[in-house]
Amino acid sequence: MAEETVLKILCGCNGAMDYERLLDISYGLTEIFRDNSLDKVIENSELFTVIQHDDRKEVFAQTRVKMCKISGCNEVCNDIHLCKYQLMNGDCNRRGCSFGHQLMSQHNIRVLSVSHMIRLSREELCVILLQCDSSLLPPVCVSYNKGRGPFGSCPEKETCTRLHMCMSFIRGCCDDTDCIRSHDFHEPHPIGVLRRRGVSSHLMSLIPFIYRNIVNLKSHRNPKNTQPALNNRENTQCESPQTHAEENKICLSFLKGYCKRAHECPRIHCKMPYKWQVKVCGAWTDLPNNEHIEREYCDPSNTNGSGNEPICFEEMILGLDKVSALY
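None of these values were measured; they are calculated from a predicted model.

Buried together is how nonpolar side chains tend to be arranged in soluble globular proteins. The biggest cluster of nonpolar side chains holds 59 residues, and the ones touching the most others in it are Leu125 and Ile128. With seven residues, the single largest contributor to this core is helix α6 (residues 122–132). Apart from residues no more than four positions distant in its own chain, isoleucine 128 is found in contact with Leu7, Cys11, Ala61, Gln62, Thr63, Met117 and Leu120. Ranked by size, the runner-up nonpolar core spans 14 residues in total, among them Tyr274, Val280, Tyr297 and Met316.

For the rest of this paragraph, the subject is unusual backbone geometry. Look at asparagine 14: it is not a glycine, yet its phi comes out positive at around 65°. Inspection of the secondary structure puts asparagine 14 in the loop between α1 (2–11) and β1 (16–18). Exposure remark for asparagine 14: the relative accessible area of 23% places this residue in the partly exposed category.

As a further point, take helix α2 (residues 19–26). Regarding α2, the residues found buried are Tyr19, Leu22, Leu23 and Ser26. Down the axis, α2 shows its buried residues gathered within 105° of arc, on one side only. In α2, those exposed residues whose orientation departs by more than 90 degrees from the buried face are Glu20 and Asp24. In this structure, the buried residues of α2 make contact with α1, β1, α3 (38–43) and β3 (57–61).

The next point concerns the sheet that holds strand β2 (residues 48–52). Read from one edge of the open sheet, three strands run β1-β3-β2, paired in antiparallel fashion. The open sheet has two edge strands with one neighbour each: β1 and β2. Adjacent strand axes in the sheet meet at a mean angle of 25°, parallel and antiparallel pairs treated alike. Against the sheet, α2 makes contact with β1 and β3, and its axis sits at roughly 90° relative to β1, the strand it touches most.

Mapped onto the secondary structure, glutamate 3 falls in helix α1. Arginine 119 provides the closest opposite charge to the buried, unpaired glutamate 3, separated from it by 9.8 Å. Within the local environment of glutamate 3, its side chain forms a polar contact with the side chain of serine 45, the two groups lying 3.1 Å apart. Here the side chain of glutamate 3 touches histidine 116 through a polar contact of 3.1 Å, side chain to side chain.

Reading guide: rules and limits
- Residues numbered from 1 in each chain as written.
- Predicted model: local features only at pLDDT ≥ 70, side-chain atom pairs only at ≥ 80, totals over all residues.
- Heavy atoms only, no water.
- Core = buried A, V, L, I, M, F, W, Y, C linked by side-chain atoms within 4.5 Å.
- Buried < 20%, exposed > 50% of the residue type's maximum accessible area, 1.4 Å probe, protein only.
- Helix = DSSP H or I, 4+ residues; strand = E, 2+ residues; numbered from the N terminus.
- Contact = heavy atoms within 4.5 Å.
- Arc of directions from axis to C-beta.
- Pairing = 2+ DSSP bridges.
- Axes fitted to C-alpha atoms, helices over the stretch in contact; angles between N-to-C directions.
- Lys, Arg positive; Asp, Glu negative; His and termini not counted.
- Salt bridge = Lys/Arg side-chain N within 4 Å of Asp/Glu carboxyl O.
- Polar contact = N/O pair within 3.5 Å; in protein donor to acceptor, adjacent residues only side chain to side chain.

Note that all results are geometric; they support no functional claim without further evidence.
Next comes the structure, spelled out in structure tokens:
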């Protein structure tokens, strides 16, 4: 099938490719013809995401299939039954490992066939799963990207299980020649964290591309939402980040119980006098636990929120994405 061919091409090219380059390649494919153009193949399949950059388009491989996390799973699930070390290294040396070690088992053949990934090699399967299954690679350490020390402000330092890498570098936009953060995945801490996750030496050359793809896909998946209002926390007191456009402010009349302008009101109608949002791919989306975030922000002793991926209040970021509060 045409989509399986295109998917294999993308996974053989680090999981993504410029649209124009892919279009050039498609002219030589027998599966692509006038009634089944590359555009139709991409648009009609969940296997691809097209992201528009400033002056070019890029096509990304994607899948909903994950690595099954249940050891010895006997259920009829739609995820792959395979040891992650077997997937990434081609071999598992862990004694007593109860995960599957046969890529082409009856179960996996069914899953790969249904998801149009049956033609992918083990290495190509690694690419698409690494950039679509968030459990396989470590997240970037937010605390490392703050402070001036060799470990930033990360309290766990060398024992941290998150990736100590420059966030801007991963995004592809670090132009600071004096940046003290790591830009090399082969430095001791990053490579140690990745190796413990099972990333093989062969896959290390793909990791910078994979992380970039993860950021792009994560950004693109976010739904359309409201207007932006970027702010930074400039002092230790609980102050409202200021916005300049009226439509980026909370409607006080609505909070009091009634707004005469109703649907024509340019201000935001919500139940609380604040709204926390995260910006992904130019669109702002409401964050859950709005009240909890506000309480943490108003405590001057908190430089970070709580949770597995906390908000950094000093830089107003959540992971790799900017955060803002409307008032």
